[in-house]
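Remarks on the overall topology
Read off the chains here:
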Amino acid sequence: MIRVSNLRKEQLSASRETRIVCDIDCGFAQSGPLWFSVPEQFGDWLTDDVYDAFMIAMLFPAMYYNEDIEIDGCVSEKLYDNVTHYVQQCEQAYIDGLHEVHVTVRGFANTAKVDHLVGTGFSAGIDAFATFYDRFVKEANPNYRISALFFFNVGSHGGGTDKARRKFHTRYDYLLPFAQEVGLPFVPMDSNLFDFYLFEWEYDAGVLCRSTGMLVFQKVLDKYYVAYDYSYWEIVHMTAADYASITDMCNDYLLGTETLEVIVDGTRYRRSDKTRMLLEYPPFLRYLNVCVGDVETVNNCSLCHKCKRTMLLLDILGQLDKCGDLFNVEKFKKIRFKYKCQTVLQRGTDIYAHDNYVLAKKLNYPMPSRLVAWLYSSPQLLVATLKKIAKSILYRQRRQSDRHYPT
Ligand SMILES: [Zn+2]
């Protein structure tokens with residue numbers, strides 16, 4: 001049983017932060033407080049009257065370890081119903097071994113709103129930029145126009161390590177001038193969520209982590225845009241092997257409440273459409289940040305898969321040589337042919353490779369033939385495949401051993 005109790009707000013005068021905190025009593029990790037914190041000027045934005053965020057935060061560990069959840073307080077009736085009937089089943093559809101668990105609560109309640117903002121997360125990636133451009137720069141309706149930007153530390157910077165926390169702060173400091181430039185509040189929210197999570201849940205539980213962040217701020221949020229990566233066309237034609245993204249989209253819609261509407265945005269565009277559109281918006285090529293490389297700085301490493309696919313896309317669009325401040329263009333040019341070969345071989349199965357390939361053909365950008373790509377890449381592919389198989393075996397063994405935690 002996971003027990004969640006004593007929801008409260010705390011002031012940390014030394015660091016000038018405000019937190020909402022719950023006590024977590026569980027067997028799979030060290031029991032103790034779970035907290036979400038913001039700079040004190042945003043302290044009133046924290047939702048301290050319902051347990052919604054904490055229920056969603058504990059859902060994945062509960063399902064993984066087959067532990068029911070007991071909450072000593074109230075949650076949204078709508079969210080509770082969705083968690084009971086749909087969210088868990090959606091998670092089970094693509095992650096093997098998750099259990100359906102019972103959640104008991106004292107009752108139902110909605111947070112008392114203190115504002116009516118429209119929020120979105122902002123990381124300066126292409127998806128986040130496209131949502132920002134469409135729903136702020138081009139949006140005229142104040143009920144749908146973004147009025148606050150958020151930046152969460154709930155796993156996406158590399159789990160819950162000190163290194164991840166440093167990266168979170170470094171990235172926030174890098175992006176703050178953009179928020180100031182466009183005149184919007186930009187709220188950094190730190191947490192110790194990963195004290196209760198395994199490292200790889202950054203991916204497995206990603207949508208629940210993000211939703212936890214949104215629910216922390218539902219006291220001030222009427223709507224929250226989730227910048228989705230795939231287009232409707234790609235969802236229909238190319239996501240057969242990517243159930244995670246489809247179920248993420250389903251769950252995003254299920255994780256709102258009576259007073260917080262979640263809107264999945266960006267699905268009308270492919271990645272190349274978003275990039276072409278954003279080239280009209282000068283800050284895009286000043287702040288674009290896509291890197292998932294293992295670097296603590298905010299620089300795009302120019303070697304990770306996200307950097308490479310973005311650089312190829314910019315090259316196809318004839319923009320790469322203007323991006324010397326964002327990427328190491330010369331470094332990419334040395335591996336460009338190899339990456340083009342990889343792109344050719346992955347078209348038809350990888351959504352981003354396919355998008356880049358189709359655009360290249362459309363714009364007469366030179367790409368190698370499939371035969372040339374195969375001849376060039378086959379020795380490297382063999383090594384990569386063997387590495388992938390070994391990694392998958394190790395991952396499965398680790399998951400099995402993690403399930404036998406001491407009771
Ligand atoms: Zn990178």
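Residues numbered from 1 in each chain as written. Predicted model: local features only at pLDDT ≥ 70, side-chain atom pairs only at ≥ 80, totals over all residues.

1. Concerning the overall build of the protein chain
Counting its secondary structure elements, the protein chain contains 14 helices and 12 strands. Rg of the C-alpha trace for the protein chain: 22 Å, near the compact-globule value of 22 Å for 407 residues, within the 12% margin. Seen through its principal axes, the protein chain has C-alpha atoms that stretch 65 × 50 × 40 Å. Within the span of the protein chain, comprising 407 residues, buried residues form 42% of the whole. Of the contacts formed within the protein chain by residues at least 6 apart in sequence, a portion of 72% connects residues at least 24 apart. (Helix = DSSP H or I, 4+ residues; strand = E, 2+ residues; numbered from the N terminus. Rg over C-alpha atoms; globule rule 2.2 N^0.38 Å. Buried ≥ 20, exposed ≤ 12 C-beta atoms within 10 Å, placed from the backbone. Contact = placed C-beta atoms within 7 Å.)

2. So, the domain arrangement of the protein chain
Splitting the protein chain by domain gives domain 1 (2–265) and domain 2 (293–407). Each of domain 1 and domain 2 has a C-alpha centre, and these two points are 29 Å apart. Taken together, the contacts link 13 residues of domain 1 with 9 residues of domain 2. Elements supplying a minimum of two residues to the side of domain 1 that touches domain 2: helix 4 (162–182) and helix 7 (232–238). The dominant element in the side of domain 1 that touches domain 2, judged by the number of residues it contributes, is helix 4, at 6 residues. (Domains from an automatic or database assignment.)

3. Brief notes about the packing of helix 1 (residues 52–65) against helix 2 (residues 77–94)
It is at 12 Å that the axes of helix 1 and helix 2 come closest, and there the two elements cross at 30 degrees. Relative to helix 2, helix 1 is oriented roughly parallel. The hand of the helix 1/helix 2 crossing is right-handed. Every residue of helix 2 that contacts helix 1 at D52, M55, L59 and M63 is listed here: L79, V83, Q88 and E91. Grouping the amino acids of the contact of helix 1 with helix 2 by side-chain chemistry returns 5 nonpolar, 1 polar and 2 charged. (Axes fitted to C-alpha atoms, helices over the stretch in contact; angles between N-to-C directions. Parallel < 35°, antiparallel > 145°, perpendicular 65-115°, else oblique. Left-handed = near helix turned anticlockwise from the far one by under 90°. Nonpolar A, V, L, I, M, F, W, Y, C, P; charged D, E, K, R; others polar.)

4. Looking at the sheet that holds strand 9 (residues 148–152)
In spatial order, the strands read 6-4-1-2-3-10-9-8-11-12; together these 10 strands make up an open sheet with mixed pairing. Edge positions in the sheet fall to strand 6 (103–104) and strand 12 (261–265), since each has one partner strand and no second. Of the strands in this sheet, strand 1 (2–12), strand 2 (17–25), strand 3 (32–39), strand 4 (69–71) and strand 6 are in contact with helix 1, which crosses strand 1 at around 135 degrees. (Pairing = 2+ DSSP bridges.)

5. Some thoughts on the environment of K362
Tracing the sequence through the fold places K362 in helix 13 (residues 351–362). Along the chain, K362 and G121 lie 241 residues apart, while their C-alpha atoms are 33 Å from each other.

6. Observations regarding the pairing of strand 8 (residues 117–121)
Summarising burial for strand 8: 5 of the 5 residues are buried, a large majority. Alternating residues of strand 8 divide into L117, G119 and G121 and V118 and T120, and every residue in both groups is buried. Where strand 8 and strand 11 (residues 221–227) come together, 4 bridges link them in parallel fashion. Note that in strand 11 the partner of T120 across the bridge is Y225. Both strand 8 and strand 9 contribute to a ladder of 3 bridges, which runs parallel.

7. A word on unusual backbone geometry
One non-glycine residue with positive phi stands out, namely R16, at about 55 degrees. Checked against the element boundaries, R16 lands in the loop between strand 1 and strand 2. If you check the backbone angles, N66 has positive phi at about 55 degrees while not being a glycine. Structurally, N66 is set in the loop between helix 1 and strand 4.

8. Observations concerning helix 4
For helix 4, with 21 residues, the first-to-last C-alpha span of 31 Å sits near the 30 Å given by 1.5 Å per residue. Where helix 4 bends most, at L175, the angle is about 35 degrees, and the proline P177 comes one to four residues later. By the burial criterion, the buried members of helix 4 are K167, F168, R171, Y172 and L175. Elements in contact with the buried residues of helix 4: strand 9, strand 10 (186–191) and helix 10 (284–287). Residue G183 follows helix 4 closely and has a positive phi angle near 75 degrees. (Expected span 1.5 Å × (residues − 1). Bend = angle between axes of the 7 residues up to and from the residue.)

9. Focus: the nonpolar core
By size, the foremost hydrophobic cluster in this structure holds 107 residues, and its most contacted members are V4, F54, M55, M58 and L59. The leading source of residues in this core is helix 1, at 11 residues. Not counting chain neighbours up to four residues away, the residues in contact with V4 comprise C22, I24, Y51, F54, M58, I69, I71 and D72. (Core = buried A, V, L, I, M, F, W, Y, C linked by C-beta atoms within 7 Å.)

10. Notes on the packing of helix 11 (residues 305–316) against helix 12 (residues 329–346)
Helix 12 packs onto helix 11 with a crossing angle of 95 degrees between their chain directions and a minimal axis gap of 10 Å. For the element pair helix 11 / helix 12, the angle class is roughly perpendicular. Contacts between helix 11 and helix 12 involve K308, M311 and L312 on the former and, on the latter, F332, Y339 and T343. Residue composition of the contact of helix 11 with helix 12, by class: 4 nonpolar, 1 polar and 1 charged.

11. With respect to helix 2
Count 3.6 residues to each turn of an α-helix, and residues three or four apart come out pointing the same way. Here helix 2 contains 18 residues, and its C-alpha end-to-end distance of 26 Å stays within 8% of the 26 Å for a straight helix at 1.5 Å per residue. Along its length, helix 2 reaches its greatest deviation from straightness, about 55 degrees, at V83. Looking only at helix 2, the buried set comprises L79, Y80, V83, V87, Q88 and E91.

12. Focus on the environment of N289
When you line up the elements, N289 lands in the loop between helix 10 and helix 11. Leaving out residues up to four positions away in the same chain, N289 has contacts with S123, A124, G125, V298 and N300.

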